[in-house]
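# Residue-level structure breakdown
What follows is each chain in one-letter form.
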Amino acid sequence: MTTAPATAEAPVDTPQALAVRDVTVRFAGLTALDAISFTVEPGSVHAVIGPNGAGKSTTFNVLSGVYRAASGSVRLGATELTGLPPHKIAALGVARTFQNLALPPHATVAESLLLGRHRLMRTGFVGAGLRLPSAVREERRHLERVREIASFIGLEHELHRPAGTLPYGAQKLVELGRALCMEPQVLLLDEPVAGMTADERRRTAAVVAGVRDSLGISIVLVEHDMGVVMRLADAVTVLDFGRRIAGGTPAEVQNDPAVVRAYLGEQE
């Protein structure tokens, strides 16, 4: 599979930096994130890593609007995202995949991908039901884009299959494709290769690299597979117990003493 097919088009909007500044999250007195800051440069892969309980999922939930920060800010370019609900953040160009599969149980691959086009559809319920010419033309455009995205992720021959009957790795690609169908500026990938075979991991990593290199979409990546992180990430932020303990290139952070201690514990 190639990662830069001719049918894959770059988003209309030029990607902007995603800036996280001094974000703090508390739950019943417990500080889950303690004034963390990092910047996702446009068109880059930025990995957020750390041991279990470090605050990675909480960070994603703040970025996508599921959790509200007690203080600090999240900005996409000049647009303040802090405090906005998830659907408004999605409308501003931030799409997310989840660690656990969340595909409609009986929908085909095409139907699953088309769900990602929902926020971009202008035809109302009545127009669609009456099959007005404008509604038919719009549906045709969205279906063509679905076919392009399916080709990009390597599932162009599976569009009419129920997504739930595909192998696990392919189902995860459908979720990634559904997020791409939203035409995002920023894509939040929550453990995209977790539970995959070695071949599935390589295939998915190639697609993620293509999202950055061919589409220019910024990616925030949470992943436990350090091999994938080191191959894909342009920059890495390391969390431990809700605090940012290191940041930099993959080569820089993997040799940072604080990172080694967080993962391996104090060495005698």
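Above this text sits the structure in question.
Residues numbered from 1 in each chain as written. Predicted model: local features only at pLDDT ≥ 70, side-chain atom pairs only at ≥ 80, totals over all residues. Heavy atoms only, no water.

Overall, the coordinates contain 13 salt bridges when judged by the stated rule. Arg145 serves as the salt-bridge partner of Glu183, at 2.7 Å between the closest nitrogen and oxygen. Linking Glu183 in the loop between helix H6 (168-180) and strand E7 (186-190) with Arg145 in helix H5 (residues 133-152), this pair joins segments that are 38 residues apart in sequence. For Glu183, a relative accessible area of 22% corresponds to the partly exposed category. On the basis of relative accessibility, which here comes to 8%, the residue Arg145 falls in the buried class. Arg212 is the salt-bridge partner of Asp213, the closest N and O atoms lying 2.8 Å from each other. Note on Arg212: relative accessible area 13%, which makes it buried. (Salt bridge = Lys/Arg side-chain N within 4 Å of Asp/Glu carboxyl O. Helix = DSSP H or I, 4+ residues; strand = E, 2+ residues; numbered from the N terminus. Buried < 20%, exposed > 50% of the residue type's maximum accessible area, 1.4 Å probe, protein only.)

So, on to the sheet that holds strand E6 (residues 94-96). Read from one edge of the open sheet, 6 strands run E6-E7-E8-E3-E9-E10, paired in mixed fashion. A strand with exactly one partner marks an edge of an open sheet, and here the two such strands are E6 and strand E10 (243-248). Going from strand to strand, the sheet's axes swing by 20 degrees on average, the running direction of each strand aside. Pairing geometry for strand E3 (residues 45-49) and strand E8 (residues 218-222), over 3 bridges, is parallel. (Pairing = 2+ DSSP bridges. Axes fitted to C-alpha atoms, helices over the stretch in contact; angles between N-to-C directions.)

Right, let's talk about the packing of aromatic side chains for a bit. Across all of its chains, the model carries 1 aromatic pair by this definition. When the centroid spacing of 5.1 Å and the interplanar angle of 75 degrees are considered together, the rings of Phe27 and Tyr67 count as edge-to-face. Of this pair, Phe27 sits in strand E1 (residues 18-27) while Tyr67 sits in the loop between helix H1 (56-63) and strand E4 (71-76), and the two are 40 residues apart along the sequence. When its relative accessible area of 36% is taken as the criterion, Phe27 is described as partly exposed. (Phe/Tyr/Trp six-rings, centres within 6.5 Å; stacked < 30°, edge-to-face > 60°.)

All right, on to the sheet that holds E4 then. With antiparallel pairing, the 4 strands of this open sheet are ordered in space as E2-E1-E4-E5. For this open sheet the edge positions go to strand E2 (30-40) and strand E5 (79-80), each flanked by a neighbour on one side alone. In this sheet, E5 lies alongside E4 in antiparallel orientation, the contact comprising 2 bridges. Bridging from a neighbouring strand, Leu76 pairs with Thr79 of E5.

For helix H7 (residues 198-215), with 18 residues, the first-to-last C-alpha span of 25 Å sits near the 26 Å given by 1.5 Å per residue. Every buried residue belonging to H7 is among Glu200, Thr204, Ala205, Val207, Val208, Ala209, Gly210, Val211, Arg212 and Leu215, and all of these are buried. Of the residues flanking the end of H7, it is Gly216, one or two places downstream, whose phi is positive at about 70 degrees. (Expected span 1.5 Å × (residues − 1).)

Between its first and last C-alpha, H6 extends 19 Å over 13 residues, near the 18 Å set by a 1.5 Å rise per residue. Burial analysis of H6 places 12 of its 13 residues in the buried class, which makes it a mostly covered element. Buried within H6 we find Gly169, Ala170, Gln171, Lys172, Leu173, Val174, Glu175, Leu176, Gly177, Arg178, Ala179 and Leu180.

Turning to the packing of H6 against H7, a few remarks are in order. Where H6 meets H7, the axes come as close as 9 Å, and the angle between the chain directions of the two elements is 15 degrees. Judged on the interaxial angle alone, H7 and H6 are roughly parallel. Between H6 and H7 lies a crossing of right-handed hand. On H7, the residues that touch Tyr168, Gly169, Leu173, Leu176 and Leu180 of H6 are Glu200, Arg203, Thr204, Val207, Val208, Val211 and Leu215. In terms of residue class, the contact of H6 with H7 is made up of 8 nonpolar, 2 polar and 2 charged. (Parallel < 35°, antiparallel > 145°, perpendicular 65-115°, else oblique. Left-handed = near helix turned anticlockwise from the far one by under 90°. Contact = heavy atoms within 4.5 Å. Nonpolar A, V, L, I, M, F, W, Y, C, P; charged D, E, K, R; others polar.)

Scope: geometric values only; no functional claims are made or implied.
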